Amino acid sequence: MAKHNKHRTPYKVGDKGVTAKKHLGQHFLKDETVALRIADVLSYEGYDQILEIGPGTGVLTKHVIRKNMKVTALELDSESVVYLKHSFPIEHVKIVNEKSFQVIEADFLKKDLKEIYGEQSFAIIGNFPYNISTQIVFKTIENREQIPEFGGMFQKEVAQRICAPHGSKTYGILSVLAQAYYEADYVFTVGPEVFDPPPRVDSGVLFLKRRDNYDNLTCSYSILRQVVKLAFQQRRKTLRNSLKTMNLPDEMREKEIFSLRPEQISVDMFVELATEIEKL
């Protein structure tokens with residue numbers, strides 16, 4: 001079997017001259033109907049700024065711009081950046097102008113979002129690269145005070161995991177931390193055929209809406225994350241075993257919750273436990 005260049009695949013999207021790159025996890029959306037459905041996931045209420053992560057060839061972007069929002073496209077791929085900055089505005093001259101659309105060549109995971117938005121609120125949308133999708137969610141949670149809404153496409157299993165209720169096999173770290181601060185809804189499933197190149201898995205679109213009490217949790221994010229990560233690192237064990245390294249008082253460890261496995265523990269129960277631990 002011939003060896004493939006690890007940086008490129010042989011796919012080009014139409015005549016745009018933008019090549020999908022495996023090392024960036026790129027699968028360009030080509031279906032306009034799906035793009036419009038993703039754009040319609042957000043409410044576009046209470047903010048006027050949108051951050052799109054990984055816009056690629058702008059198939060989703062143009063539908064978001066039509067919502068009369070200021071759209072910032074954050075793109076790591078220099079080929080896509082050239083297309084979005086030059087050819088894309090020409091193709092969509094009626095809907096794009098300098099005030100409503102800008103392209104920044106940057107890595108979302110490394111970018112200081114306050115450099116773009118200061119203290120302003122903004123929503124996030126995108127057809128997210130699968131190889132960094134969970135990290136995107138974690139960074140969103142860390143910046144939750146500025147991000148009231150989040151919508152977009154993930155690998156189906158990841159989207160289901162984020163939205164999973166306690167008691168399910170897919171319920172885990174992402175589920176608890178995302179749902180502690182956001183209401184999570186799995187919206188619809190997308191097959192591989194709507195992408196170029198097509199991935200080997202189905203995709204899922206989800207919507208996160210920040211909870212009204214997101215800044216009134218009784219524990220800090222750092223302690224909640226610590227407790228949840230320790231619990232799910234040994235998900236087949238009870239909390240009495242998985243939280244051993246925290247050296248908790250014996251009287252606390254005798255409580256009923258410590259006889260449960262992590263998937264049996266609701267988000268609210270994790271928050272209550274983290275709060276109690278933080279007060280020690």
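Our structure is the block above this text.
This write-up is about the structure you can find in this document.

1. What about the pattern of salt bridges?
1) Next: Tallying each qualifying case throughout the model produces eight salt bridges.
2) Next: The closest approach of N and O atoms between Glu263 and Arg261, which form a salt bridge, is 3.1 Å.
3) Next: Look at Glu263 and you get buried, because its relative accessible area is 15%.
4) Next: Residue class for Arg261 comes out partly exposed when judged on its relative accessible area of 34%.

2. Digging into the sheet that holds strand 3 (residues 70-75)
1) Next: Taken in spatial order, the seven strands of this open sheet run 4-3-2-5-6-9-7, and their pairing is mixed. Each edge of the open sheet is held by one strand with a lone partner, namely strand 4 (101-105) and strand 7 (182-190). Strand-to-strand twist across the sheet, computed as the mean angle between neighbouring axes with direction ignored, equals 20 degrees.
2) Next: One ladder, built from seven bridges, connects strand 6 (residues 149-155) with strand 9 (residues 203-210); its direction is antiparallel. Looking at strand 9, one finds that Gln155 is bridged to Ser203.
3) Next: Packing against the sheet, helix 1 (residues 32-39) makes contact with strand 5 (123-127), strand 6, strand 7 and strand 9, and its axis sits at approximately 170 degrees to strand 7.
4) Next: Taken strand by strand, helix 5 (residues 133-142) contacts strand 2 (49-53), strand 5, strand 6 and strand 7, and its axis lies near 165 degrees from that of strand 6.

3. Thoughts on helix 11 (residues 267-278)
1) Next: The terminal C-alpha atoms of helix 11, which comprises 12 residues, lie 16 Å apart, in line with the 16 Å expected from a rise of 1.5 Å per residue.
2) Next: Elements that come into contact with the buried residues of helix 11 comprise helix 7 (173-181), helix 8 (221-233), helix 9 (239-242) and helix 10 (250-253).

4. As for the packing of helix 8 against helix 11
1) Next: Contact geometry of helix 8 with helix 11 gives a least axis separation of 9 Å together with a crossing angle of 115 degrees. With respect to helix 11, the axis of helix 8 lies roughly perpendicular. Once helix 8 is placed against helix 11, the crossing between them reads as right-handed. Together, Ile223, Leu224, Val227, Val228, Ala231 and Phe232 of helix 8 and Phe270, Val271, Leu273, Ala274, Ile277 and Glu278 of helix 11 make up the contact between the two elements.
2) Next: Taken together, the residues of the contact of helix 8 with helix 11 sort by class into 11 nonpolar, no polar and one charged.

5. Things to note about the nonpolar core
1) Next: Of all hydrophobic cores here, the largest spans 60 residues; its most connected members are Leu224 and Phe270.
2) Next: Considering every element that reaches this core, the biggest residue donor is helix 8, with eight residues.
3) Next: Beyond its immediate chain neighbours, meaning those up to four positions away, Phe270 contacts Tyr171, Val176, Leu224, Val227, Val228, Ala231, Phe232, Pro262 and Ile265.
4) Next: Core analysis: the second largest hydrophobic core is formed by 33 residues, Val34, Ile38, Ile125 and Val190 among them.

6. Looking at the side chain of Ser168
1) Next: Tracing the backbone through its elements, the reader meets Ser168 in the loop between helix 6 (156-163) and helix 7.
2) Next: Polar contacts involving the side chain of Ser168 include one to the main-chain amide nitrogen of Tyr171, which spans 3.3 Å.
3) Next: Ignoring anything within four residues of it in the chain, the contact list for Ser168 reads Arg235 and Glu263.

7. Quick notes on the packing of aromatic side chains
1) Next: Counting across every chain of the model gives nine aromatic pairs.
2) Next: Taken together, the ring pairs connect Tyr83, Phe88 and Phe101 into an aromatic cluster.
3) Next: The ring of Tyr214 has Arg210 sitting right over it, with the charged end atom 4.2 Å from the ring centre.

What counts, and where the lines are drawn
- Residues numbered from 1 in each chain as written.
- Predicted model: local features only at pLDDT ≥ 70, side-chain atom pairs only at ≥ 80, totals over all residues.
- Heavy atoms only, no water.
- Salt bridge = Lys/Arg side-chain N within 4 Å of Asp/Glu carboxyl O.
- Buried < 20%, exposed > 50% of the residue type's maximum accessible area, 1.4 Å probe, protein only.
- Pairing = 2+ DSSP bridges.
- Helix = DSSP H or I, 4+ residues; strand = E, 2+ residues; numbered from the N terminus.
- Axes fitted to C-alpha atoms, helices over the stretch in contact; angles between N-to-C directions.
- Contact = heavy atoms within 4.5 Å.
- Expected span 1.5 Å × (residues − 1).
- Parallel < 35°, antiparallel > 145°, perpendicular 65-115°, else oblique.
- Left-handed = near helix turned anticlockwise from the far one by under 90°.
- Nonpolar A, V, L, I, M, F, W, Y, C, P; charged D, E, K, R; others polar.
- Core = buried A, V, L, I, M, F, W, Y, C linked by side-chain atoms within 4.5 Å.
- Polar contact = N/O pair within 3.5 Å; in protein donor to acceptor, adjacent residues only side chain to side chain.
- Phe/Tyr/Trp six-rings, centres within 6.5 Å; stacked < 30°, edge-to-face > 60°.
- Lys NZ or Arg CZ within 6 Å of the ring centre and 35° of its normal.

All quantities given are derived from atomic positions and should not be read as evidence of function.
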